[in-house]
Amino acid sequence: MSYHEYNFDGLIGPTHNYAGLSFGNLASATNAGAVSNPKEAALQGLGKMRAVMAMGLKQGFLPPQDRPHLKTLRALGFAGSDAQVIERAGKQEPQLLANCYAASCMWTANAGTVAPSPDTQDGKVHFTGANLAANFHRSIEAETTARTLAHIFNDDGAFMHHPPLPGAMHFGDEGAANHGRLCEAHGDKGVHLFVYGEDGKKFPARQKKRASEAVARNHLLDPAQTVFVQQSKAALDAGAFHNDVMGVANGTVLFLHEHSFADPKAAYATIRQAAPFVEVIEAPADKVSLEDCIKSYLFNSQLLTLPGGEMALLLPQEAETNAAVKAFVDDTLSKNNPINRVIYKNVRESMRNGGGPACLRLRVVLSEAEAATANQHFILDEEKITKLEGWVSAHYRDRLAPDDLLDPDLMEESFAAMQALTDLLGMGAFYDFQR
Ligand code: SUG
């Protein structure tokens, strides 16, 4: 049976804005209060999806969530008509309103963790929606994300869905952003690399070791094929709030920075024991600094196995304009390793909130039979992507300033867009605002 990696990107929602909500995420803090362009953001995201499809790869998407999330605002004591809820929250707690307006579900690397069927004891594809407990605006995503995954992967015989982990930060889980899979071919039994954090001097760790362990248990992974590694505190304090800002695994390759892991020697030895075929491609600190990694998102690249077997890096344009990073990428391409192609894409609107190409996608390895049972509305071809671009162009603003969130008209527009999207995708009354 043949298996393919599907990248499910987050379709960027109509309320994409810069509210400075994520402590430890330097781009989010730096751009707090800036004016965003939701239309451009969504079209950039779709442009990246098109580029991946053009390389002959499978591409899906997860729809945005309903924002503002009125259900959360009401649960926090703001009452009245929908417009009054917005007005009252805007007057009394504007920061809370901004949390309920975040379009952060675009970063689907944080939607959940996935275990492909060759790796699980029961032969099903397992999903655990991330609880995203570390940040309030992100924790609001968890329930709807789990429902979205179950909606798309809706065959009980093929897919197993686990609810987000309980216990809030005690089991803080940020999904696939701290997880990678190594294998010789997508359909082989893979090795799961879970990277957890411990609080640094400046910034708190979001992913807890005990959470990664719970996900591995739920997914019925073979302990001999499962590795847990600690992220370095230096990387965390430099701004790597998720490990995928410092490294990426795909196929036989682990592509990362010298200071990505707390104890790299021990980590590589453990990884090699489980995955003897692994090829580690490491950026030395004297060539690429941690600061360069954070600014350029070099390691937040999509590392993609092309149909011919070679690998391509899909990087943000910020990596092309950083001389040290560009030199390291060129050097990597010139050496004898599986990576021999690079493309740079403009995903600047997302980058300004700390989300690069790899943050914007959730990888799901599926057999052809499994893919056929998934909801086909969410698996893209040229025609469907053109329809989504038309939907964005019809409904999105090209300018969103912080004060715009206080205006109930934005809520009306956003809900009208979501209504049109659910109609387009045959989702029925899926979102809280429709129920
Ligand atoms: O969780 N930014 C996101 C970025 C997530 C990136 N994902 C991965 N690395 N996989 C976060 O910090 C900023 C929102 C704001 O400030 O308005 C935000 O949520």
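Thresholds applied
- Residues numbered from 1 in each chain as written.
- Predicted model: local features only at pLDDT ≥ 70, side-chain atom pairs only at ≥ 80, totals over all residues.
- Heavy atoms only, no water.
- Core = buried A, V, L, I, M, F, W, Y, C linked by side-chain atoms within 4.5 Å.
- Buried < 20%, exposed > 50% of the residue type's maximum accessible area, 1.4 Å probe, protein only.
- Helix = DSSP H or I, 4+ residues; strand = E, 2+ residues; numbered from the N terminus.
- Salt bridge = Lys/Arg side-chain N within 4 Å of Asp/Glu carboxyl O.
- Expected span 1.5 Å × (residues − 1).
- Contact = heavy atoms within 4.5 Å.
- Polar contact = N/O pair within 3.5 Å; in protein donor to acceptor, adjacent residues only side chain to side chain.
- Near = heavy atom within 4 Å.
- Areas by Shrake-Rupley, 256 points an atom, 1.4 Å probe, with all protein chains shown as cover.
- Phe/Tyr/Trp six-rings, centres within 6.5 Å; stacked < 30°, edge-to-face > 60°.
- Lys NZ or Arg CZ within 6 Å of the ring centre and 35° of its normal.
- Pairing = 2+ DSSP bridges.
- Axes fitted to C-alpha atoms, helices over the stretch in contact; angles between N-to-C directions.

Student: Got a sec to walk through the nonpolar core? Specific residues and values, please.
Tutor: Of all hydrophobic cores here, the largest spans 75 residues; its most connected members are Phe-8, Phe-153, Phe-255 and Leu-298. Tallying contributions element by element places helix α2 (residues 38-54) first for this core, with five residues.

Student: Let's hear about the pattern of salt bridges: which residues, and what values?
Tutor: Evaluated as defined, the whole model comprises 16 salt bridges. Its salt-bridge partner being Lys-71, residue Glu-143 comes within 3.6 Å of it at the nearest N-O pair. Here the residue Glu-143 occupies a position in helix α7 (residues 142-152), and Lys-71 occupies one in helix α3 (residues 70-75), the gap between them amounting to 72 residues. Given the relative accessible area of 41%, Lys-71 is considered partly exposed.

Student: So what's going on with helix α17 (residues 408-424)? Which residues, and what values?
Tutor: In this model, α17 (17 residues) spans 25 Å end to end at C-alpha, consistent with the 24 Å of a helix rising 1.5 Å per residue. Residues of α17 that are buried include every one of Pro-408, Leu-410, Met-411, Ser-414, Phe-415, Ala-417, Met-418, Leu-421 and Thr-422, and no others. Residues of α17 that are buried sit in contact with α3, α4 (82-92), α5 (94-101) and α16 (382-395). Backbone nitrogen of Asp-409 and a side-chain oxygen of the N-cap are separated by 2.9 Å at the start of α17; the cap is Asp-407. Of the residues trailing α17, Gly-426 is marked for its positive phi of about 60°.

Student: So what's going on with unusual backbone geometry? Residues and values would help.
Tutor: It is generally the case that most residues other than glycine have a negative phi and that most peptide bonds are trans. Omega for the peptide link from Arg-67 to Pro-68 comes to 5°, which places this bond in the cis form. Assignment of secondary structure puts Pro-68 in the loop between β2 (58-62) and α3. The backbone phi angle of Leu-132 is positive, close to 45°, even though this residue is not glycine. The phi angle at Leu-220 is positive, at roughly 55°, despite the residue not being glycine. Position of Leu-220 among the secondary structure elements: in the loop between α8 (209-218) and β8 (226-230).

Student: So, the site of the ligand: which residues are in play, and what are the values?
Tutor: Taken together, 22 residues sit near the ligand, with Leu-21, Ser-28, His-137, Asp-244 and Cys-359 positioned nearest. Backbone polar atom of Gly-20 to an oxygen atom of the ligand: 3.1 Å apart, as the coordinates give it. One nitrogen or oxygen atom from the side chain of His-242 is found 2.9 Å from a nitrogen atom belonging to the ligand. With the chains in place, 99% of the 490 Å² that the ligand exposes on its own is no longer accessible.

Student: A description of the packing of aromatic side chains should follow, citing residues and the corresponding values.
Tutor: Under the defined criterion, the tally for this structure stands at 14 aromatic pairs. Aromatic pair Trp-391 and Tyr-396: ring centres 5.2 Å apart, planes at 75°, arrangement edge-to-face. Side by side, Trp-391 and Tyr-396 carry an identical accessibility label, which is buried. Positioned above the aromatic ring of Tyr-18 is the side chain of Arg-352, whose terminal nitrogen or guanidinium carbon lies 5.1 Å from the ring centre.

Student: So what's going on with the sheet that holds strand β10 (residues 253-257)? Residues and values would help.
Tutor: Strand pairing in a sheet relies on backbone hydrogen bonds. The paired strands run either parallel or antiparallel. Spatially, three strands are ordered β9-β10-β11 in an open sheet, and the strand pairing comes out mixed. Whereas interior strands pair on both sides, the edge strands pair on one side only; in this sheet they are β9 (247-250) and β11 (279-283). Neighbouring strand axes in the sheet, compared pairwise and without regard to direction, differ in orientation by 10° on average.

Student: Tell me what's going on with the environment of Asp-199, and back it up with residues and numbers.
Tutor: Looking at the element boundaries, Asp-199 is found in the loop between β7 (191-196) and α8. C-alpha separation for the pair Asp-199 and Ala-235, spaced 36 residues apart in sequence, amounts to 11 Å. Residues within four places of Asp-199 in sequence aside, it is in contact with Pro-204, Ala-205, Lys-208, Lys-233 and Leu-236. At a separation of 2.8 Å, a polar atom in the side chain of Asp-199 contacts the main-chain amide nitrogen of Ala-205.

Student: Lay out the pairing of β9 with the relevant residues and their values.
Tutor: With burial as the criterion, each face of β9 is covered, one bearing Gly-247 and Ala-249 and the other bearing Val-248 and Asn-250. Inspection of the sheet shows β9 paired to β10 by four bridges, in the antiparallel sense. Note that in β10 the partner of Val-248 across the bridge is Phe-255.

Student: Any details on the sheet that holds strand β6 (residues 179-182)? Residues and values, ideally.
Tutor: The mixed open sheet is built from three strands, whose spatial order is β6-β7-β8. What marks the edges here is a single partner per strand, and that holds for β6 and β8. On average, adjacent strands in this sheet sit at an angle of 25° to one another, irrespective of strand direction. Where β7 lies against β8, five bridges are found, and the strand directions are parallel.

Student: Would you mind going over the environment of Asn-17 in detail, with residue names and values included?
Tutor: Looking at where Asn-17 falls in the secondary structure, it is placed in the loop between β1 (3-10) and α1 (26-30). Of the residues examined, Asn-17 reaches a relative accessible area of 10% and is grouped as buried. Spatially, the C-alpha atoms of Asn-17 and Asn-110 are 18 Å apart, while their sequence positions differ by 93 residues. Within the structure, Asn-17 has its side chain in polar contact with the backbone oxygen of Thr-15 (distance 2.8 Å).

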